[in-house]
Amino acid sequence: MTQATTPRPQLFDRSAIAAHRKRLKSHALFLHDIARDEIEDRLSMVNKVFTRPALVAPFAEGWETCLPEAKHVADDETLDLAVGAHDLVVHAMSLHWANDPVGQLIQCRRALTEDGLLLVLMLGGQTLHELRSALATAETQLSGGLSPRVAPMGEVRDLGALLQRAGFALPVADVVPLMAKYRDLPHLMQELRGMGETNAMTQRQKFATPRSLFMETEGIYRATYATEDGLLPATFELICLTGWSPSESQQKPLRPGSATARLADALKVPETPLPK
């Protein structure tokens with residue numbers, strides 16, 4: 001007799017994500033444009049030619065010049081990537097919507113050849129922190145509690161650790177901080193809808209948000225964060241993750257205590273013993 005397994009809880013509603021992406025507006029996709037520029041810059045600094053790239057992304061439009069020969073793969077929970085089929089995988093602007101981000105990274109690693117490269121661009125934990133704070137304060141004041149309205153996003157340190165968990169070598173995580181400004185809260189919300197980045201959490205409220213909540217949120221947002229010209233700033237944090245499929249040819253850290261020269265000698269400075 002086999003024991004029934006409990007399904008993994010799903011933080012995000014994939015059908016809602018798909019519905020939101022149908023409302024994409026080209027003028028609102030500036031984050032995707034920046035992500036593409038970041039990928040191009042980082043690839044230009046890698047001393048290696050990639051001949052079998054794959055692009056994991058919500059859509060392939062706009063990536064033709066950056067990765068003209070790439071296989072486009074939808075960012076489903078199970079990626080359409082064959083084992084060892086690619087020397088480069090770019091996971092662009094979608095990992096923050098994954099119910100199992102480690103699983104996504106493991107699938108990417110398995111799809112890479114030895115010494116293959118993974119590049120990930122995704123939204124990080126500081127994204128929309130102004131909106132999160134104002135919305136939480138407003139909802140607490142009006143209803144005495146909070147409901148799931150803004151998706152949680154990973155911090156750069158935690159996301160870098162995910163690369164190690166997924167088995168990547170030479171993992172690196174860094175941040176590209178961005179700031180946009182909006183006339184008012186409806187302007188910001190309209191832009192988020194155009195990006196396909198509105199609330200898709202499984203536990204979200206399914207009924208319409210009261211107008212009073214938006215009005216209270218904008219008042220708090222404006223009082224706390226508005227610029228001198230009366231605009232509302234919104235932080236967008238892009239996190240870039242870089243990892244390599246393990247290979248014997250890659251550099252490896254030295255064993256502790258194996259150094260043959262002293263750092264003080266290399267720097268040409270006197271060495272002072274620490275007090276006991």
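Residues numbered from 1 in each chain as written. Predicted model: local features only at pLDDT ≥ 70, side-chain atom pairs only at ≥ 80, totals over all residues. Heavy atoms only, no water.

Chemist: What is the right way to read the side chain of N99 from this model?
Modeler: Examined against the element boundaries, N99 turns out to sit in the loop between β3 (86–92) and α3 (101–111). Taking relative accessible area as the criterion, N99 reaches 13% and is therefore assigned buried. Only 2.8 Å separates the side chain of N99 from the backbone nitrogen of L11, close enough to count as a polar contact. Within the structure, the side chain of N99 is placed 3.0 Å from the side chain of E77, a separation counted as a polar contact. If we ignore the near neighbours within four places in the chain, the residues touching N99 are Q10, L11, F12, R14 and E77. (Helix = DSSP H or I, 4+ residues; strand = E, 2+ residues; numbered from the N terminus. Buried < 20%, exposed > 50% of the residue type's maximum accessible area, 1.4 Å probe, protein only. Polar contact = N/O pair within 3.5 Å; in protein donor to acceptor, adjacent residues only side chain to side chain. Contact = heavy atoms within 4.5 Å.)

Chemist: What is the right way to read unusual backbone geometry from this model?
Modeler: Negative phi is the rule for most residues except glycine; trans is the rule for most peptide bonds. The phi dihedral of D115 falls on the positive side, at around 65 degrees, and the residue is not glycine. As for its placement among the helices and strands, D115 is situated in strand β4 (residues 112–123).

Chemist: When you look at the nonpolar core in this model, what are you seeing that I'm missing?
Modeler: The tendency in soluble globular proteins is for nonpolar side chains to be buried as a group. Counting 43 residues, the largest nonpolar core has V90, L188 and F236 as its most contacted members. Here this core gets six residues from one element, more than from any other, and that element is strand β6 (residues 232–244). Beyond its immediate stretch of four places on either side in the chain, F236 contacts F30, L31, T127, L128, V176, P177, L178, A180, Y182, L192 and M195. Core analysis: the next-biggest nonpolar cluster, separate from the first, contains 23 residues, L81, L95, A98 and L112 among them. (Core = buried A, V, L, I, M, F, W, Y, C linked by side-chain atoms within 4.5 Å.)

Chemist: How do you make sense of empty space enclosed by the protein when you look at a structure like this?
Modeler: Over the atoms, a rolled probe matching the size of one water molecule traces out where space is still vacant. Inspection of every chain in the model, using the stated rule, returns two cavities of 30 Å³ or more. Estimates place the volume of the largest cavity at around 50 Å³. As for the largest cavity, its lining consists of R21, L24, H32, P58, F59, M93, W97, M195, G196 and E197. Considering only residue class, the lining of the largest cavity consists of six nonpolar, two polar and two charged. Within this model, the second largest cavity holds a volume of roughly 30 Å³. Lining the second largest cavity are R14, D75, D76, E77, H91, S94, L95, A98 and Q104. (1 Å grid on protein atoms, 1.4 Å probe; cavity = no way out; pocket = protein on both sides within 12 Å on 5 of 7 lines; lining within 4 Å. Points joined across faces, edges and corners; volume = space filled by probe spheres on them. Nonpolar A, V, L, I, M, F, W, Y, C, P; charged D, E, K, R; others polar.)

Chemist: Whenever I open this one, the packing of aromatic side chains confuses me. Can you help?
Modeler: Two aromatic rings are characterised by how far apart their centres lie and by the angle between their planes. Inspection of the entire model under this criterion finds three aromatic pairs. Judged by centre distance (5.1 Å) and plane angle (80 degrees), the rings of F12 and W97 are edge-to-face. With F12 in the segment before α1 (14–21) and W97 in the loop between β3 and α3, this pair connects stretches of sequence that are 85 residues apart. Classification of F12 as buried rests on a relative accessible area of 3%. Judged by its relative accessible area of 3%, W97 is buried. With 5.9 Å between their ring centres and 85 degrees between their planes, F30 and F236 make a pair best called edge-to-face. Placement of the pair is F30 in helix α2 (residues 30–44) and F236 in strand β6, with a sequence separation of 206 residues. Residue classification places F30 among the partly exposed residues on the basis of a relative accessible area of 24%. What makes F236 buried here is its relative accessible area of 1%. (Phe/Tyr/Trp six-rings, centres within 6.5 Å; stacked < 30°, edge-to-face > 60°.)

Read these as spatial facts, not as claims about activity.
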